[in-house]
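Structural description and commentary
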Amino acid sequence: MRVGHSLHLHPVAAARKATRRRVEGGNEAGFTLIELIIVVAIMPIVVGGIAVALVSVLSLQGGVSNKLTNSNDAEVTSAAFNRDVQSAAVLTTETTPACGTGTQLLGLEWGANTSSPVGYDTVVSYNTVLTGSTYALVRQECTYVSGTTLTSPSTLTIAHDAGNTTQGPPQAPTIATNSGDVTPTNTWIQTQGITGVTFTINAPGTTEVGAPGTTVPGSGYSYTLVGLPTEASSSGAPPGQGSTPPDYQCGYATANALTYWAKSLCFVDFSFINTADGDQLENNGAFGTTGNPVPPSSPACQQVTEGITNTPYTLSFCISEAANNTVSNPKVGPVTPAIIPTYYDPGGDGSEAYLGNNGFYTGIPGDPSLYQWNAGLSSGGGTCPRCTSPTSR
Amino acid sequence: MYITDIQVTDSVGHPANDWNLVTGDAESTDTNEYIQWQTNTGSPLTVFADNPATGEQYGNDCYDTSTGIASDANDGLLALNDPSAGNTTTLTSSGWTDVECEASQQLDKTGTIMLQATAPTSLTVTMKGAGLQAFFLAVFL
């Protein structure tokens, strides 16, 4: 009966009994097969659970770390971005960096200085730089030194994780005006009249990059920066919305490598002169004893008011032309508004006008020049100070 | 051409500061041609460089070999402060309110003359063309 009872003992109970016997009786026979089977069956479950927990914690750590980094980036970016946008006199979204390297998303300049090769003392570019598979957003600043020299760019990484090769690089900011968004991708524009510059940074989440299964942890942290140029808030009415909007606006050339002042040089549009109805600005201007022209007395001139495009400012002046057939100025030729270039020579002998050809201040809108009608005549009065007669030269 | 009562004002009519009037040759100054610019006292004319990055001022736009006046081979701009006395020199610094550009260079222009003056109130432009002459006017903020 003892044997039979022993044979029918429950396996767990048998194992306990064997263990007890070893403890109590000094039995050194080792583990039973059942004990080993149980251990082998349970261990992978325990170890697997621990591994899963560890992976989760480590993954969470990476995400938190990225979030902290991006949060800090956002703080740094916000301070720098607001300061830069507030200071800017002109801006662009051209992709070629005005300062530094990479791909420019936003270019800003301020501190007008005609001695500087770029027209301003300070140039700041927000550029994207690809390192490995991750895009960083960097702020690079160059300042004018002297002559044609700008400092080498000083670089501050303001967003370490602004995109990757899977999700794409960060995008240029949105530039808003009262009349809608503008995209100055080929030119620089004045900041007057700009009501907001909005930068959206989308840090990617954990992303598979490269070989299948290879992932890069990411925070997925997104933030938006909005800057308002000081010029906009201090300028009063936006462009063209003054109390009496001018009928005409001066215009800018298309910016390119040959056009250093295109973003700041607003050319007067002379379209207001209507030559079709005989308006040639002629009057009875007199001449001084030295042969210099003397401005005619009022009201013999035409009052002109032109808005300075993309600014709240207005240029005004009174324009007139000397009369025909005076003793001091026997040959005065009338002028007419004309496009630039005034003269283009497709033959290529180099006799054409320089302004407006071959990329030099091209694309100026309207009629930005006053052009003589008749060859060989003098417009404006006076004689050539070093010429024996106006026609001898 | 007489341009008088020149002003730049803001949206409420207040005079603006730190602006320059820029003017220059909008055609080409060839043999037997000239352009003269005159501003009011206190707003002298200086060169507004064509290409500051390379140091180019105005190429050969005002290169006149017939005057006998010493000038740079490429930059022959002449400045005059007293035309009645025939006082001429190459424009090298500020202080001139009377500037003339002459040329005997017919082909292969390498630049154009552009001048600037800070907040002038008047500008007189005299053009003499063997062919045709033209000028432009611009504001630099």
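Residues numbered from 1 in each chain as written. Chains lettered and ligands numbered in written order. Predicted model: local features only at pLDDT ≥ 70, side-chain atom pairs only at ≥ 80, totals over all residues. Heavy atoms only, no water.

Moving on, we come to the environment of threonine 148 of chain A. Within the secondary structure layout, threonine 148 of chain A lies in the loop between strand S4 (134-146) and strand S5 (149-150). Using a relative accessible area of 41% as the deciding quantity, one classes threonine 148 of chain A as partly exposed. Once the C-alpha coordinates of threonine 148 of chain A and serine 116 of chain A are considered, the two residues, 32 residues apart in sequence, prove to be 6.3 Å apart. With near-sequence residues (within four places) excluded, threonine 148 of chain A lies in contact with Pro117 of chain A together with Pro52, Ala53 and Gly55 of chain B. (Helix = DSSP H or I, 4+ residues; strand = E, 2+ residues; numbered from the N terminus. Buried < 20%, exposed > 50% of the residue type's maximum accessible area, 1.4 Å probe, protein only. Contact = heavy atoms within 4.5 Å.)

Once that is clear, we can look at the state of the cysteines. Should the sulfur atoms of two cysteines be covalently bonded, the bond is a disulfide. All names here are of chain A. One pass over the structure, following the stated rule, counts two disulfides over all chains. Note on cysteine connectivity: cysteine 99 is disulfide-linked to cysteine 142, with sulfurs 2.0 Å apart. Judged by the sign of its S-S torsion, about 80°, the cystine formed by cysteine 99 and cysteine 142 is right-handed. Pair noted here: cysteine 99 is in the loop between strand S1 (90-92) and strand S2 (103-112) and cysteine 142 is in strand S4, with a separation of 43 residues, a long-range link. For the pair cysteine 99 and cysteine 142, one class covers both residues: buried. Two residues share a disulfide in this structure: cysteine 250 and cysteine 266, whose sulfurs sit 2.0 Å from each other. With the S-S dihedral at roughly 105°, the linkage between cysteine 250 and cysteine 266 falls on the right-handed side. Within this pair, whereas cysteine 250 is found in strand S14 (residues 248-250), its partner cysteine 266 is found in strand S15 (residues 265-267), the two being separated by 16 residues in sequence. (Disulfide = S-S within 2.5 Å.)

For the rest of this paragraph, the subject is the side chain of lysine 263 of chain A. Residues and elements named next belong to chain A. Within the secondary structure, lysine 263 is located in the loop between S14 and S15. Among the polar contacts made by the side chain of lysine 263, one reaches the side chain of glutamate 109 at a distance of 2.9 Å. Setting aside residues up to four positions removed in sequence, lysine 263 forms contacts with Val90, Glu109, Val118, Trp188, Gln190 and Tyr252. (Polar contact = N/O pair within 3.5 Å; in protein donor to acceptor, adjacent residues only side chain to side chain.)

With that out of the way, let us pick up the sheet that holds strand S7 (residues 174-177) of chain A. Residues and elements named next belong to chain A. Here four strands make up an open sheet; going across it, the order is S8-S7-S10-S13 and the pairing antiparallel. Looking along the sheet, the strands with just one partner apiece sit at the ends: strand S8 (180-182) and strand S13 (222-227). When strand polarity is set aside, the average angle formed by the axes of neighbouring strands in this sheet is 30°. Two elements, strand S10 (residues 194-202) and S13, share six bridges in a ladder whose sense is antiparallel. If you follow asparagine 202 over to S13, its bridge partner there is serine 222. (Pairing = 2+ DSSP bridges. Axes fitted to C-alpha atoms, helices over the stretch in contact; angles between N-to-C directions.)

Applying the stated criterion to the full structure yields eleven aromatic pairs over all chains. Through pairs of rings, three or more aromatic residues link up here, namely Phe267, Tyr354, Phe360 and Tyr361 of chain A together with Phe136 of chain B. (Phe/Tyr/Trp six-rings, centres within 6.5 Å; stacked < 30°, edge-to-face > 60°.)

Note that all results are geometric; they support no functional claim without further evidence.
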